[in-house]
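Here are the chains, one letter per residue:
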Amino acid sequence: MDLRIFTEPQQGASYDTLLKVAKATEDLGFNAFFRSDHYLSMGNGDGLPGPTDAWITLAGLARETKRIRLGTLMTAGTFRLPGVLAIQVAQVDQMSGGRVELGLGAGWFEEEHKAYGIPFPKEKFARLEEQLAIITGLWATGTGSEFTYDGTYYQLAKSPALPKPAQAKVPVLIGGHGATRTPRLAAQYADEFNIPFASLEDSERQFGRVRAAAEAAGRKGDELVYSNALVACVGKDDAEVARRAAAIGRDVDELKANGLAGSPAEVVDKIGRYAAIGTSRVYLQILDLDDLDHLQLISDQVQSQLG
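From a predicted model like this one, the values you see are computed outputs, not experimental measurements. (Residues numbered from 1 in each chain as written. Predicted model: local features only at pLDDT ≥ 70, side-chain atom pairs only at ≥ 80, totals over all residues. Heavy atoms only, no water.)

Novice: Where do I start with the environment of alanine 275 in this structure?
Specialist: Residue position: alanine 275 is located in helix H10 (residues 264–276). A relative accessible area of 37% places alanine 275 in the partly exposed class. Spatially, the C-alpha atoms of alanine 275 and arginine 181 are 25 Å apart, while their sequence positions differ by 94 residues. (Helix = DSSP H or I, 4+ residues; strand = E, 2+ residues; numbered from the N terminus. Buried < 20%, exposed > 50% of the residue type's maximum accessible area, 1.4 Å probe, protein only.)

Novice: Is there a simple way to explain the packing of helix H3 (residues 82–96) against helix H5 (residues 124–140) in this structure?
Specialist: One can describe the packing of H3 onto H5 by two numbers: an axis separation of 9 Å at closest approach and a directional angle of 45 degrees. With respect to H5, the axis of H3 lies oblique. The interaxial crossing formed by H3 with H5 has right-handed handedness. Two secondary-structure elements touch here, H3 through Pro82, Gly83, Leu85, Ala86, Val89 and Ala90 and H5 through Gln131, Ile134, Ile135, Leu138 and Trp139. Considered class by class, the residues forming the contact of H3 with H5 number nine nonpolar, two polar and no charged. (Axes fitted to C-alpha atoms, helices over the stretch in contact; angles between N-to-C directions. Parallel < 35°, antiparallel > 145°, perpendicular 65-115°, else oblique. Left-handed = near helix turned anticlockwise from the far one by under 90°. Contact = heavy atoms within 4.5 Å. Nonpolar A, V, L, I, M, F, W, Y, C, P; charged D, E, K, R; others polar.)

Novice: Help me understand the nonpolar core in this model?
Specialist: Considering soluble globular proteins, one finds that nonpolar side chains tend to be buried as a cluster. By size, the foremost hydrophobic cluster in this structure holds 76 residues, and its most contacted members are Trp55, Leu102, Leu284 and Val302. With eight residues, H5 is the single largest residue contributor to this core. Formed by eight residues, the second largest nonpolar core is a distinct cluster that contains Ala32, Phe34, Leu73 and Met74. (Core = buried A, V, L, I, M, F, W, Y, C linked by side-chain atoms within 4.5 Å.)

Novice: Explanation requested: the packing of aromatic side chains in the structure shown.
Specialist: The description of two aromatic rings rests on the distance between their centres and on the angle between their planes. Within this structure, the stated rule accounts for seven aromatic pairs. When the centroid spacing of 6.4 Å and the interplanar angle of 90 degrees are considered together, the rings of phenylalanine 193 and phenylalanine 207 count as edge-to-face. Here phenylalanine 193, found in strand S9 (residues 192–196), pairs with phenylalanine 207, found in helix H7 (residues 200–216); they are 14 residues apart in sequence, far enough to count as distant. Neither phenylalanine 193 nor phenylalanine 207 differs from the other in exposure class; each is buried. A cation sits over an aromatic face here: arginine 181 above phenylalanine 125, 4.2 Å from the ring centre. One residue, arginine 211, lies across the ring of tyrosine 226, its end atom 4.2 Å from the ring centre. (Phe/Tyr/Trp six-rings, centres within 6.5 Å; stacked < 30°, edge-to-face > 60°. Lys NZ or Arg CZ within 6 Å of the ring centre and 35° of its normal.)

So this is what it looks like as structure tokens:
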């Protein structure tokens with residue numbers, strides 16, 4: 001089981017805080033540091049000191065880390081033009097020595113678009129499909145050749161399709177709960193399918209849809225990595241679990257029902273149940289970014305039992 005650390009900086013985190021978490025992620029043996037791509041806090045938090053940009057953050061971390069993978073869950077397709085995003089991701093991949101992964105989604109949080117003057121188009125999913133075609137097409141175009149695309153929403157003419165990422169293929173993540181279009185897009189473009197904050201039953205059902213869509217598209221269903229994103233709240237005893245739940249404004253019973261919460265043994269057992277339905281990677285949503293002892297505990301007593 002591949003455990004990755006997943007952060008939500010829009011809830012309140014500076015770059016320096018994210019750097020500390022990323023370095024702890026690397027030092028403690030986790031495989032990757034991922035972050036959300038949002039510009040506005042959600043819920044009752046004030047979001048201070050304010051938002052950080054996902055790809056600027058990852059560019060900085062690319063130079064400050066050596067081993068861990070770096071990526072987004074998920075970059076909003078509404079935030080950046082696809083040609084610009086292809087350049088940004090390729091450059092950060094070069095800066096990291098080939099450690100970047102791109103999670104790309106349609107975008108959904110209308111309030112943050114209004115807050116920062118970002119257009120929020122009605123046809124987000126159709127735009128996402130064109131964005132995926134353009135980004136992967138630019139990267140796949142041979143050096144010295146040109147890329148042209150004539151879509152409904154985007155047109156590219158005689159692009160030199162540069163720069164190239166350091167990796168021969170940057171892994172692309174697609175995720176979500178949609179029953180039809182999401183599995184089809186994942187089958188066509190994804191190296192990994194991620195379902196966020198889903199039960200065992202819903203995850204198993206959605207993984208089955210993606211496998212079926214992949215096979216219908218001529219791929220093997222097991223060609224994709226299947227992953228979950230789940231909130232983590234682990235403690236060495238009940239009191240520590242309760243303290244960590246209170247720090248993020250959540251109820252222990254709710255966290256145990258919907259996330260990975262409780263003692264290390266409880267969390268290992270639940271991850272095992274996800275593994276049994278085909279999950280091979282879990283993104284641990286860490287909401288208190290100042291509690292590095294939490295990461296230490298997960299590394300020592302959860303990750304160590306999962307291989």
